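Each chain is listed here by its residues.
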Amino acid sequence: MLALSLLAAFAAHAATGPEFDAKRLSQDVKVLSSDEFEGRGPNTAGETKTVAYLIEQFKAAGLKPGGDVVKGQRSWTQDVPLGRFEIKGPVTLSVSDGKTVQPLKQGDDLSVRAAMNGSRLVDFKNAPLVFVGYGVNAPERKWDDFKGQDLKGKLAVVLINDPDFETGEGDFGGKAMTYYGRWTYKYEEMARRGALGTIIVHETAPASYGWNTVKNSNTNVMYDIVRKKPAEAHAPMEAWIQRDLAVDLFKRGGLDFEALKKQAQTRDFKPVELKNVTLSANYAVSAQVIVSKNVAARIVGASAPKETVIYSGHWDHLGVGLPDAKGDKIYNGAVDNGTGIAALLELARAYGKAPAPARSVVFLAVTAEEKGLLGSEYYSANPLYPLATTVGVINMDALSPHGLTRNFTISGSAKLDLLDELIAKAKQWNLVYKPDPKPEAGHFFRSDHFSFAKRGVPAISYGSGDDLVEGGVAAGKKLEDDYTTNNYHQPSDEWSASWTFASMTHDLGMLYALGRDLADSKVWPNWAQDAEFRAARDATAAQRK
Ligand SMILES: [Zn+2]
């Protein structure tokens, strides 16, 4: 009887939606993560192979090219010019308190990034330091840490995370990190204000990672999209400082770090200068431009072709790098993000077979996620289809190739209709939503959907669940921990014949249904009233009928 009712359930399921094939998913991941693809580094031979494979698969699925218009016709790709920035030669840093000059060590005291504002030389003497609290300007929360403070020619010293992280209660989601808490926001805000630089005070708990992470990611080669006005996005100096050194500088400047931090947790906070404390810096920056590609395929909508639903995933990984203990130098990126791209291709195949929906659907495989969400950033800054009439974005990054689960998640936490719709849809797939267990880490701001979200487009990154039908949460946690420790961003993130792809084949039905509903409807999902991206969406409301 059990077998019969199971069969009946499967038959009913098949009738309601397309089938997703584990063998094809496995094959796509196997090809994309093969040594031949050299870890899919942007602007390498691995990119050429990857892009060719994606185009071939999209063509076979019956989709149309959705990329740049070349000679009046859409091509399959969007050119993504990227700037590559590297500090050349010594980094000379020193701090003065008016009495003594103390040299500082790059990477140990301060971690300074290669400048991305267009300068080839960062060189200044005795720049004043101004503490700006959390550096937040949030009109929808009636919060302004700057109070008109002029930052021209000055270095803004700023705290990481947002004003209610420490107390766990307030206007910024309590422990959860809003975008105002993320380091990218601090850099962007100080650039908007024309500051000479941003110096973020590192503290492990509110940053959610240690100084080593700060040091490794900031003193490395940096990448950014090529911008028309780079100085509007980057101040000349972008840096982090060790907490103990910051506390000492505050003291020498006549200030009490802990007391000021308390004040910074209130609306009344006012910026304050560290008296007589100044910083000097000198370092050269070399810059080059490389060109990578986003791949875009499209189903043209039957009745509202100018309205677009986007499925996305990043095709790039880390390429060839330092060898591991076995001497393997190829960072294959099978899970990260061969799985997301395989999912994107399977969804494209399903859409290719079905009648065209009312609205257009774009399948976007972006580049350079691993260099800082740059392919999606470039698309969002130079959209192939207007963002105002982009209904929503469903991104997929590093999915589980393992067994069926009872739950699913998204990257980070956010309040938006798109998530509510996904949670409702999930019930039909017997999946329960598992909220972000670490909202203070700001994971919502670390995946490609975020490039869209910060410009107001409703966007999420779907994530696989951890409560396995066979083995429960214990088995799921074991798989996750094993991946994080042994494979994540390592040459050993390789395809395995033992992967069942059962979770993906099942969950893709839900993601198909979510996108299909959006593409067949006239609705425009939005953000919750108090979400920090609501205002950006509402600003273009007139363009949506
Ligand atoms: Zn990655």
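Conventions we followed
Residues numbered from 1 in each chain as written. Predicted model: local features only at pLDDT ≥ 70, side-chain atom pairs only at ≥ 80, totals over all residues. Heavy atoms only, no water. Donors = N, O, S within 2.8 Å, 3.2 Å for Na, K, Ca; no water. Tetrahedral: all angles 85-135°; square planar, octahedral: opposite > 155°, others 65-115°. Helix = DSSP H or I, 4+ residues; strand = E, 2+ residues; numbered from the N terminus. Buried < 20%, exposed > 50% of the residue type's maximum accessible area, 1.4 Å probe, protein only. Contact = heavy atoms within 4.5 Å. Core = buried A, V, L, I, M, F, W, Y, C linked by side-chain atoms within 4.5 Å. Pairing = 2+ DSSP bridges. Salt bridge = Lys/Arg side-chain N within 4 Å of Asp/Glu carboxyl O. Expected span 1.5 Å × (residues − 1). Polar contact = N/O pair within 3.5 Å; in protein donor to acceptor, adjacent residues only side chain to side chain. Right-handed = clockwise from strand over helix to strand, strands pointing away.

A. Examining the coordination of the zinc ion more closely. Within the protein, the atoms that donate to the zinc ion are Asp336 (OD), Glu370 (OE), Glu370 (OE) and His489 (NE2), at distances of 1.9 to 2.5 Å. Note that the zinc ion binds 4 donor atoms; their angles at the metal cover 55 to 148 degrees, and the shape is irregular. Sequence positions of the residues that donate to the zinc ion give the spacing D-x33-E-x118-H. With Asp336 in helix H9 (residues 334–353) and His489 in the loop between helix H13 (472–486) and helix H14 (502–520), this pair connects stretches of sequence that are 153 residues apart. Looking at Asp336, the relative accessible area reads 4%, which means it is buried. Given a relative accessible area of 25%, His489 falls into the partly exposed group.

B. Focus on the environment of Gly41. Counting through the fold element by element, Gly41 comes out in the loop between helix H2 (22–32) and helix H3 (45–60). Those residues in contact with Gly41, other than ones at most four positions away along the chain, are Glu47, Trp315, His317 and Gly319.

C. Fine view of the nonpolar core. Residues Phe58, Met237 and Phe363 are the most contacted members of the largest nonpolar core, which totals 132 residues. Per-element tally for this core: the top contributor is H9, with 11 residues. One finds Val158, Tyr187, Ile200 and Trp240 within the second-largest nonpolar core, a separate group that totals 16 residues.

D. How the structure looks around the pairing of strand S13 (residues 237–242). In terms of residue burial, S13 counts as a mostly covered element, since 5 of its 6 residues are buried. Bridging between strand S6 (residues 110–112) and S13 involves 3 bridges; their strand directions are antiparallel. Bridging across to S13, Ser111 finds its partner in Trp240. The sheet contact formed by strand S11 (residues 197–202) and S13 spans 6 bridges and is parallel. Bridge assignment links Ile200 to a residue of S13, and that residue is Trp240.

E. Region of interest: the pattern of salt bridges. Overall, the coordinates contain 33 salt bridges when judged by the stated rule. Here Glu166 and Lys261 are joined by a salt bridge, their closest N and O atoms 3.2 Å apart. Of this pair, Glu166 sits in the loop between strand S10 (155–159) and helix H4 (183–192) while Lys261 sits in helix H8 (residues 257–264); the two residues are 95 residues apart in sequence, bridging distant segments of the chain. The partly exposed category is assigned to Glu166, whose relative accessible area is 36%. In this structure, the salt-bridge partner of Arg227 is Asp224, at a minimum N-O distance of 2.7 Å. The partly exposed category is assigned to Arg227, whose relative accessible area is 27%. Classification of Asp224 as buried rests on a relative accessible area of 5%.

F. Representation of H3 in the model. Taking 1.5 Å of rise per residue, the 16 residues of H3 would be expected to cover 22 Å, and the 23 Å separating its terminal C-alpha atoms lies within 8% of that figure. Within H3, burial applies to Gly46, Glu47, Thr50, Val51, Tyr53, Leu54, Ile55, Gln57 and Phe58. Of the surrounding elements, those touching the buried residues of H3 are H2, strand S4 (77–96), strand S14 (272–299), H9 and strand S18 (359–366). Where H3 begins, the side chain of Thr44 points an oxygen toward the backbone nitrogen of Gly46, at a separation of 3.1 Å.

G. Seen up close, the pairing of S10. Across the 5 residues that make up S10, a large majority, 5, are buried. Along S10, one buried face is formed by Leu155, Val157 and Leu159 and the opposite face, lined by Ala156 and Val158, is buried too. Pairing of strand S7 (residues 121–131) with S10 involves 3 bridges; the strand directions are parallel. By the bridge assignment for S10, Val130 is matched with Ala156. The pairing of S10 with S11 spans 5 bridges and is parallel. For Ala156, the partnering residue across the bridge sits in S11 and is Thr198. Handedness of the crossover joining S10 and S11 through H4 is recorded here as right-handed.

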